[in-house]
Amino acid sequence: MGRTLAEKIWDDHVVRSHAGEPDLLFIDLHLIHEVTSPQAFDGLRLSGRTVRRPDLTLATEDHNIPTTDLDKPIADLVSRTQVETLRRNAEEFGVRLHPMGDIDQGIVHVVGPQLGLTQPGMTIVCGDSHTSTHGAFGSIAFGIGTSEVEHVLATQSLSQAKPKMMAVDVVGELPPGSTAKDLILALITQETTGGGQGYIVEYRGEAIRKLSMEARMTICNMSIEWGAKAGLIAPDQTTYEYLKDRVHAPQGEQWDEAVAYWDSLVTDDDAHFDKIITIDASTVTPFVTWGTNPGQGVPLSANVPIPDEFEDANEKVAAERALEYMGLTAGTPMREIDIDTVFIGSCTNGRMEDLRVVADIIKGRTVADNTRVLVVPGSVRVRLQAEEEGLDLVFKEAGAEWRGAGCSMCLGMNPDTLTPGERSASTSNRNFEGRQGKGGRTHLVSPEVAAATAVLGHLAAPSDLPALTTTGA
Amino acid sequence: MEKFTSHTGVAAPLRRSNVDTDQIIPAVYLKRVTRSGFEDGLFAAWRNDPEFVLNQPAYEKATVLIAGPDFGTGSSREHAVWALQNYGFKAVISSRFGDIFRGNSGKAGLLAAEVDEKVVQALWDHVEANPGAQVTLDLESRTVSAGEGVDRVEDSFTIDDYTRWRLLEGLDDVAITLSHEDHIEAYEAKRLPFKPATL
Ligand code: SF4
């Protein structure tokens, strides 16, 4: 019988297989950051072990670091200790690190693809749940805990029970004005936050094939938000074009060899999926969340839902609690929700395409009064590229803040946080209670919706913006 | 890691679903570089509320947490497991766990016992009717039980064989894998030549 794409990659990485035990998988790339690694390195030290393959390991600083005053030491002492601990560990164990100030520093899931280290057919892990992002290249990529980080450091392998296989067939085409972010938010609402649990998910179909690499990363990034172990997309010409000539992409003859292998990474026609679900892209419109988990979303054109209308008792209670936390009244049109802060960034939507789209919409317009807008590039290279294209000027002229690269307000570990009761429209991936700061209220949105919201001060789509009057002779 | 065979302790009912890892421990508490001291951040947003279950005297010494479905979804932070352990919890019972959380629990020695939704309900009812009541989790027989006579709640819980074995034996994962180092070497010798390297 045929195999799925994920099964082929899995089989190619089995180091040891034994009945009654999980498979031991070889790990091709291990990404590291400051928050989930200190205890792992400590574990190595305590047991007198070394990093088995520093040459398959890469560290960067992203979660904790400030996005302003980049030339000064980190003001928060505990954050500084964590960052310094990573630097010491990288030095002691011979791991390559891109620290603050380095041109290749950035959010770990932006840096890997950008360097060409993320390639089809690989196994990639990181002590971060959004490692699923790298699945966009046709890899098995997933987040691990700190004990597993230690395990990979020591052995370059991981024991894993084989997940079940699911296919998401995206039929139809995304209508103009609808984006990859809207699609994945709609899918998570359709399937709920637990719907993907226990599965590796392959996203397929025409609408997926038409997406750029960056949009595919947005989709795979949020696989974890509906509980999937990993999400992936079969590699194709779009993938190869993105990869070609990147620093760590195969060169010369090796490129041809690699492509020949990558071409084999497709799900066979007679492969078996444990589950297949379908979503119709043509029905997807700009989509936003109203609640406190990513599965609590509605189209922007809809209203805040009425808890009594949920059939499931748990969902009803969860909705009541969410509305209370979010300070929302059932039945309010989503467009009437005023926004205090717009956050544009994160490993979901902090790449070049995202910034270009936002700049396009904001250009010639101004940010609404009483709305704070933070634009945080996903990496230093994204920042520099944006500056080369003059996007920073567009943002600043409109009244938005242009920041240094990092996770920033996606999780509020650095000074970029919401205050209690403050409401954000955020291009990130989690709207959990307190995620962006204690008491903060988060609406997840696409970069397009974020930009229009920045201008109007309430949740909005670009189509809501008045046309720009052209001035001049 | 300590061996885990069975545990009996006061159980606290956490009547919430979708308790994600940001709820278990918010990001601002993740800055330590040790494995201890995370109890301060456990359920930080709720701990100021005198009504919150862990603030009630009956559950002060709780070592078992009975939670709603989808406990531990979200981030990969193992700090969520450490925070529960640092606080004193030995086991969490739920009808569904976030995948990474469950994996982390197994590695760190916290028992994540998956039971039917009805069992969660019965246990909630039992410990609320008898605040401070104890619940027993027997890993050998994979059973959870509480109470006596007509009040007795007893059912099985699910945990995968491998994790159960490791917990019962108290085995260190890295040592197990390193005993198969010859397999890793053999794999490395035949890896595809065009795979990227960072150094
Ligand atoms: S940007 Fe947000 S989701 Fe992505 S790695 Fe950073 S904190 Fe995690």
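Residues numbered from 1 in each chain as written. Chains lettered and ligands numbered in written order. Predicted model: local features only at pLDDT ≥ 70, side-chain atom pairs only at ≥ 80, totals over all residues. Heavy atoms only, no water.

Moving on, we get to the site of the ligand. Residues and elements named next belong to chain A. Around the ligand sit His63, Ile107, His109, Asp128, His130, Ser346, Cys347, Cys407, Cys410, Leu411, Asn429 and Arg435, and that is every residue in its neighbourhood. Assessed atom by atom at 2 Å from the grid points, the ligand resides in the largest cavity. Split into classes, the residues belonging to the shell around the ligand amount to five nonpolar, five polar and two charged. (Near = heavy atom within 4 Å. 1 Å grid on protein atoms, 1.4 Å probe; cavity = no way out; pocket = protein on both sides within 12 Å on 5 of 7 lines; lining within 4 Å. Sits in = over half its atoms within 2 Å of the grid points. Nonpolar A, V, L, I, M, F, W, Y, C, P; charged D, E, K, R; others polar.)

Attention now goes to the nonpolar core. Of all hydrophobic cores here, the largest spans 84 residues; its most connected members are B:Leu14, B:Phe43, B:Phe71 and B:Leu84. The residues contacting B:Phe43, other than those within four sequence positions of it, are B:Leu14, B:Val19, B:Gln23, B:Ile24, B:Phe52, B:Leu54, B:Leu65, B:Phe71 and B:Leu84. (Core = buried A, V, L, I, M, F, W, Y, C linked by side-chain atoms within 4.5 Å. Buried < 20%, exposed > 50% of the residue type's maximum accessible area, 1.4 Å probe, protein only. Contact = heavy atoms within 4.5 Å.)

Our next topic: the layout of surface pockets. Here the largest pocket defines a volume of roughly 920 Å³. For the largest pocket, the lining is made up of 34 residues, of which A:Ala161, B:Asp99, B:Arg102, B:Asp160 and B:Thr163 are closest to its centre. Among the elements of the structure, strand S8 (157-160) of chain A together with helix H4 (99-108), strand S4 (111-114) and helix H6 (161-169) of chain B are those that each provide at least two residues to the lining of the largest pocket. Its residues assigned to classes, the lining of the largest pocket comprises nine nonpolar, 12 polar and 13 charged. What lines the second largest pocket is a set of 32 residues, among which B:Met1, B:Glu2, B:Lys107, B:Ala108 and B:Gly109 lie closest to the centre. Those elements giving two or more residues to the lining of the second largest pocket turn out to be helix H2 (38-46), helix H5 (146-155) and S8 of chain A together with H4 and helix H7 (173-178) of chain B. Its residues assigned to classes, the lining of the second largest pocket comprises nine nonpolar, 11 polar and 12 charged. (Points joined across faces, edges and corners; volume = space filled by probe spheres on them. Helix = DSSP H or I, 4+ residues; strand = E, 2+ residues; numbered from the N terminus.)

One pair of aromatic rings is described through two measures. These are the centre distance and the angle between the planes. All names here are of chain A. Summed over the entire model, instances satisfying the criterion amount to 17 aromatic pairs over all chains. With centroids separated by 5.6 Å and ring planes inclined at 35°, the aromatic side chains of Tyr240 and Trp262 adopt a geometry described as tilted. Residue Tyr240 is located in helix H9 (residues 237-243), and its partner Trp262 is located in helix H10 (residues 252-263); the two are separated by 22 residues in the primary sequence. An aromatic cluster of at least three residues, connected via ring pairs, comprises Tyr240, Trp255 and Trp262. The ring of Phe142 carries Lys229 above its face, with NZ or CZ at 4.4 Å from the centroid. (Phe/Tyr/Trp six-rings, centres within 6.5 Å; stacked < 30°, edge-to-face > 60°. Lys NZ or Arg CZ within 6 Å of the ring centre and 35° of its normal.)

Taken together, the contact between chain A and chain B spans 77 residues of the former and 59 residues of the latter. Of the roughly 5600 Å² buried where chain A meets chain B, counting both sides, 53% is carbon and sulfur surface. Among the residues of chain A in contact with chain B, A:Gln39, A:Arg52 and A:Gln197 are the three that bury the most area, contributing 11% of the side total. On inspection of chain A and its partner chain B, the count reaches 10 salt bridges. Between B:Asp172 and A:Arg49 there is a salt bridge, and its shortest N-O distance comes to 3.6 Å. Counting every contact that joins chain A to chain B gives 37 residue pairs in polar contact (both at pLDDT 80 or more). For the side of chain A that touches chain B, the element with the highest residue contribution is H5(A), accounting for seven residues. Looking at side-chain class alone, the side of chain A that touches chain B contains 25 nonpolar, 32 polar and 20 charged residues. (Buried area = accessible area lost by both parts, 1.4 Å probe. Salt bridge = Lys/Arg side-chain N within 4 Å of Asp/Glu carboxyl O. Polar contact = N/O pair within 3.5 Å; in protein donor to acceptor, adjacent residues only side chain to side chain.)

In this model, chain B carries a mean pLDDT of 94, and residues with pLDDT of at least 70 account for 100%. Among the scores for the predicted complex, ipTM is 0.94 and pTM is 0.92. (pLDDT = per-residue confidence, 0-100.)

To continue, consider the pattern of salt bridges. With the rule as written, the count across this model stands at 45 salt bridges over all chains. Between A:Arg381 and A:Asp104 there is a salt bridge; the shortest N-O distance is 2.6 Å. Residue A:Arg381 is located in helix H14 (residues 380-388), and its partner A:Asp104 is located in the loop between strand S5 (96-98) and helix H4 (108-114); the two are separated by 277 residues in the primary sequence. Residue class for A:Arg381 comes out partly exposed when judged on its relative accessible area of 36%. With its nearest N and O atoms 2.7 Å apart, the salt bridge here joins A:Glu401 to A:Arg403. Each of A:Arg52, A:Arg53, A:Asp55, B:Glu181 and B:Glu188 takes part in one network of salt bridges that share partners.

With that out of the way, let us pick up H14(A). Residues and elements named next belong to chain A. All of the buried residues in H14 are Val380, Val382, Arg383 and Ala386. Buried residues of H14, viewed axially, fall in a sector of 160°; they line one side. Against the buried residues of H14 lie H4, helix H13 (352-362), helix H15 (391-398) and strand S17 (401-402). Just beyond H14, the residue with positive phi is Gly390, at close to 80°. (Arc of directions from axis to C-beta.)

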